[in-house]
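As a plain string of letters, each chain reads:
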Amino acid sequence: MLRNLFYLILLSALATDVLSAEPQRSVIQIITSTQEPDWDSPWRFDAVRRSGGTGFVIKGKKIMTNAHVVSWARQILVRRYQDPRPYVARVLFVAHDCDLAVLEVEDARFFDGLEALEFGDLPQVRSTVVTYGYPAGGEQISYTRGVVSRIEVQPYAHAGNRSSLAVQTDAAINPGNSGGPVVQDDLVVGVAFQGMQGLENTGFFIPPPVIQRFLKDIEDGTYDGLTMTGIRLVPLQNPAYRIFLKLPDNSLGARVDSLLPIPTAQKAFRKDDVLLKVGQYEVGSDGTVLYDGNRVSAAVVFQMAQQGESLPAKLWRDGKEIDMPVSSVVYEGDRLVGNQYDSLPRYFVYAGLVFTPLSMDYLKTFGRNWRDSANTELIYELFYRRAESPETARSEPVVLASVLVHPVNANLKNASRSLVDKINGIRIDSLADVARAFESGTNTHDVIEFLPNHAFETLDRTAAGVANAEILKTYSIPKDRRL
Amino acid sequence: MKITIRFLTMAILTLVCTGGMAAVSPANRTLERSIVTLDVTRKLHDFFLPWSKQVKTVLKSGIVVGPQEILTTADGLENRTLIRLQKGGRGSWWNAEIKWIDYPANLAIVTVADGKFWSGLQPVKLADSMNLSGELQIYRWRSGNLEARKAEFNRFTVGSGEKSDAARVQLELGAEIDQVGFSEPVLMGGKVIGLIYSRTEKVCAALPSPFIRSILDARRRGTYQGLGYFDFTWQPAENPDTLAFLKLPGDPRGVVVIDVPKQSEAQSGLKVRDVILQIDGFDIDIQGDYLDPQYGHLILENLSTRNKWAGDTVRLRISREGREQEISYRMPKAEDAAKFVPEAEFDGEPEYLIVGGLVFQPLSKNYLRRWGQDWKRVAPFRLTYFQYENPSDERPAVVILSQVLPDVYNVGYQDARTLVLERVNGQPVSRLEDLEKALKNSTNDFHVFDFQNGDTLQRVVLDAKELEAANSRVLQRYGIENIHAFSAAKE
């Protein structure tokens, strides 16, 4: 009895809403079936999972949502406000680094009667926003209201190795809200995308500058990515260091402490250069700029540029101010350190030995505590070697991911899940080297050497050759390689 | 109802206790004259605050082993300020001193100068074989009574001590006893079969008597040079293809050498990919074990401390390219092992050097251990990784900026910590002495500190002229006595 009453109230409230032209009509429910690959058995996929997210209609009969809502999707279904019928959608553009995606719907009728939402500007801190979405806990659209708590650079969890401008709000953002619009005065001022464990009443949304930058990036039909200039800026607040660099004693200028291996950065910058200004923004001694009323990392200015774009900058070098244009470029050198999506893991199987490139995704197969359980050499190689000794770094370190047990390899006990140094005398700099090294072997035995202490294993080449096909069949591996 | 149950439990407990406590027998009367208590006061160092000193007192056991000689473990004796002995579990305390101590072997001989102390004491025998068929008892003084607890033999394994990586045999015992590991003797048939030095969960680890005897005998003969170790690395030869590849004739056996330090190769001629078949006449199996006449199957590493000491020669029978040959391998000293993360000096003060609030310390095991029981997980990865790297002539050791004591002088650097120092004023730095020299020899107005490449801060600049004033301010504000502490052992 009580239950019925509750439904009635809910229905009547919705009925009045339908009459007015409100943003919720353009908010889309997204139901995704995803299937992720298994990074230590790279030809396999995990079970299909169903997950829900939110999206909203943007100009050109498209739907905007988060990249993480549609990553590894096998099928994407979209539903309109209060319309039970599901439509099939597909990804048109996806930007994993800033967690945004644009979808299109095969059946054009889907957009009949739907209006595109317009974007607003970066909302003011302390102003009120409302999130629209389909979070867990029910089937119907849900609204939450909150204030803009603060605006700064936050790590973007989806990519894992990128940070960008994000807005913190106390409006509840829960699983399923992802990709939904955050609205102020009928304009979209953000896309809800992540929460933070351990903090209460905090949700984060992607603000208009990042969204606009993404939309501009895809105008030419391809997404290039968030850009950077390749310098690591650190605060310059010690008086002695400022005098050492002959800088005036004020609150301007952050120091270039190190450079990434990006040619344009290596060419333009030196260590101990001081960045005084970039674009129209003066750089503070803590490395921040005043961006629309908020102090945020100067990296934001570089990030808002497009691939290859040049920004005017003012540097302090050798006691003098110099004007220099600096390039902002997409950096892929740290690809293996971040989470990878939508491109299948690469591997090579030989006599049951599964080789795969060392990556963050692979390390995660050690479980949540991968830092404790993974071989320390893997962690050093992936996270430290390139920065510390680029001359010894490999372009794509390869790991023996697992051994598919068979009599031919049952005695190999010295090296599973270790970093591969050489095979048949050939140094392994990439997965392609593994295939080449085994295929060019001429001795009676294949010799696989591992890092760090030269442990090695051997295989009888003739027996390995015979076992190969049998192992692929036993373990249902469609192909011995994906290079 | 409840009361009945509790009463029952108590009754059982009492039973267990009487069962565990050996009745005072004539044998124990003799033992009472051989076991003494040590009260050791020592300085305790905090490697996060290397200038701060605390004092700690530990009680441990010792056994009389010879004329004016009491044997105990070396644990707890480092940085001692006072050792006192008590006999018979009661009565007065006697000032004692160390006659001999060896931290890697974890053994010490303590003595008392006052002759009156020795009256009524009598030595106990250390067993020379490990035939553990009888009942094992752990003894110690507790509140004036000699307590005896039953122990069960688990197994022999090869391990290493807290203060050394040198491998040596250990006796694992199961026993229902708390707070042991302080050199309590384990006896069987009136003879000491081991000294307990650690306890985890329900397993006590003891140094077996034959191992202790071999060191004490060598010490008396003057041939004990400290524990040695094998500095080569090997892998098991469980893969028959590997032995075929290395052309070993006959049945699978031996282990495969995968790494030999340069100086060791030059001395012994041992090479990577040699198959070690025998060590000192003991056959090595494909897992790397040998059959010890005393202890059963043990890993070959134990042959580095089985009646052989640093500087002694070990005979290796190896197979190279299918031909067997004999090699003489001279054992290096465990303490001399070149490591990036050494044990801090035994009995030494923690070293540090403060530069305007920036605290520099040598990277050491003790520093890493300060991060807690699970320091291998908790300590910064980059620092713990030095354990796996090899020092070189150019870089024999590592100095780190461990923390910054905030002062107006170092403003802007207050968040810097656990950075690896590489150069100061352009000079490479591996030790605190290098750092001190680089600061002293500079005539510039600034001191420039360069840290290791990576994703952390790489450069810090300080005002050279203001340094002295900043130093005295920091010392005063943080209550520190000295701006630096260098180990006395170093020049």
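Residues numbered from 1 in each chain as written. Chains lettered and ligands numbered in written order. Predicted model: local features only at pLDDT ≥ 70, side-chain atom pairs only at ≥ 80, totals over all residues. Heavy atoms only, no water.

**Overview of the overall build of chain B**
Right, so step 1: Helix and strand counts for chain B come out as 10 helices and 29 strands.
Right, so step 2: The dimensions of chain B, computed from C-alpha atoms along their principal axes, are 80 × 65 × 60 Å.
Right, so step 3: Taking the average location of the 61 positive side-chain charges in chain B and that of its 63 negative ones, the two points are 6 Å from each other. (Helix = DSSP H or I, 4+ residues; strand = E, 2+ residues; numbered from the N terminus. Lys, Arg positive; Asp, Glu negative; His and termini not counted. Charge placed at Lys NZ, Arg CZ, Asp CG, Glu CD.)

**What about the interface of chain B and chain A?**
Right, so step 1: Taken together, the contact between chain B and chain A spans 40 residues of the former and 39 residues of the latter.
Right, so step 2: Both faces considered, chain B and chain A share a buried interface measuring about 3,300 Å² in area, 54% of it formed by carbon and sulfur atoms.
Right, so step 3: Across the contact surface, chain B and chain A share four salt bridges.
Right, so step 4: Residue Arg273 of chain B is joined to Glu449 of chain A by a salt bridge in which the shortest nitrogen-to-oxygen separation is 3.5 Å.
Right, so step 5: Linking chain B with chain A are 20 residue pairs in polar contact (both at pLDDT 80 or more).
Right, so step 6: Class assignment for the residues of the side of chain B that touches chain A results in 19 nonpolar, 11 polar and 10 charged. (Contact = heavy atoms within 4.5 Å. Buried area = accessible area lost by both parts, 1.4 Å probe. Salt bridge = Lys/Arg side-chain N within 4 Å of Asp/Glu carboxyl O. Polar contact = N/O pair within 3.5 Å; in protein donor to acceptor, adjacent residues only side chain to side chain. Nonpolar A, V, L, I, M, F, W, Y, C, P; charged D, E, K, R; others polar.)

**Quick notes on the nonpolar core**
Note on soluble globular proteins: their nonpolar side chains tend to be buried together.
Right, so step 1: Formed by 72 residues in total, the largest nonpolar core has its most connected members in Leu71 and Phe232 of chain B.
Right, so step 2: Counting residues in each nonpolar core, the second largest holds 58 residues, with Leu117, Tyr291, Leu311 and Val326 of chain A among its members. (Core = buried A, V, L, I, M, F, W, Y, C linked by side-chain atoms within 4.5 Å. Buried < 20%, exposed > 50% of the residue type's maximum accessible area, 1.4 Å probe, protein only.)

**Considering empty space enclosed by the protein**
Residue and element names in this part refer to chain B.
Right, so step 1: Taken as a whole and judged by the stated rule, the model has one cavity of 30 Å³ or more.
Right, so step 2: As a volume, the largest cavity reaches approximately 60 Å³.
Right, so step 3: Along the walls of the largest cavity sit Ala74, Asp75, Tyr103, Pro104, Ala105, Asn106, Gly161, Glu162, Lys163 and Arg168, which together make up its complete lining.
Right, so step 4: Partitioning the lining of the largest cavity into residue classes produces four nonpolar, two polar and four charged. (1 Å grid on protein atoms, 1.4 Å probe; cavity = no way out; pocket = protein on both sides within 12 Å on 5 of 7 lines; lining within 4 Å. Points joined across faces, edges and corners; volume = space filled by probe spheres on them.)

**A closer look at the domain arrangement of chain A**
When the parts of a complex come together, some accessible area is lost, and that lost area is often taken as the interface size.
Residue and element names in this part refer to chain A.
Right, so step 1: Split by domain assignment, chain A resolves into domain 1 (17–111), domain 2 (128–220), domain 3 (231–327) and domain 4 (346–482).
Right, so step 2: Using only C-alpha atoms to locate each centre, domain 1 and domain 2 end up separated by 16 Å.
Right, so step 3: Contacts between the two partners involve 30 residues from domain 1 and, on the opposite side, 28 residues from domain 2.
Right, so step 4: Regarding the contact of domain 1 and domain 2, the summed buried area is about 2,300 Å², with carbon and sulfur atoms giving 69% of it.
Right, so step 5: At the junction of domain 1 and domain 2, the tally comes to zero salt bridges.
Right, so step 6: Summed over the shared surface of domain 1 and domain 2, the result is seven residue pairs in polar contact (both at pLDDT 80 or more).
Right, so step 7: Residues belonging to the side of domain 1 that touches domain 2 are distributed by class as follows: 15 nonpolar, 11 polar and four charged. (Domains from an automatic or database assignment.)

**What about the domain arrangement of chain B?**
All names here are of chain B.
Right, so step 1: Here chain B is described as being made up of domain 1 (22–224), domain 2 (233–335) and domain 3 (352–490).
Right, so step 2: Counting residues at the interface gives eight residues for domain 1, matched by 14 residues for domain 3.
Right, so step 3: When the buried surface of domain 1 facing domain 3 is broken down by residue, Phe47, Phe48 and Trp51 rank first, second and third, together holding 72% of it.
Right, so step 4: In this structure, the connection of domain 1 to domain 3 is made through one salt bridge.

**Topic: the sheet that holds strand β25 (residues 426–427) of chain A**
Adjacent strands of a sheet form backbone hydrogen bonds with each other and so pair up, either parallel or antiparallel.
All names here are of chain A.
Right, so step 1: On the basis of which strands lie adjacent, the open sheet formed by four strands has the order β25-β24-β26-β27 and antiparallel pairing. At either margin of the open sheet sits one strand with a lone partner, and together these are β25 and β27 (456–460).
Right, so step 2: Bridging between strand β26 (residues 445–450) and β27 involves five bridges; their strand directions are antiparallel. When the sheet's bridge partners are listed, His445 is paired in β27 with Asp460.
Right, so step 3: Those strands touched by helix α11 (residues 461–474) are β26 and β27, and its axis lies near 75° from that of β27. (Pairing = 2+ DSSP bridges. Axes fitted to C-alpha atoms, helices over the stretch in contact; angles between N-to-C directions.)

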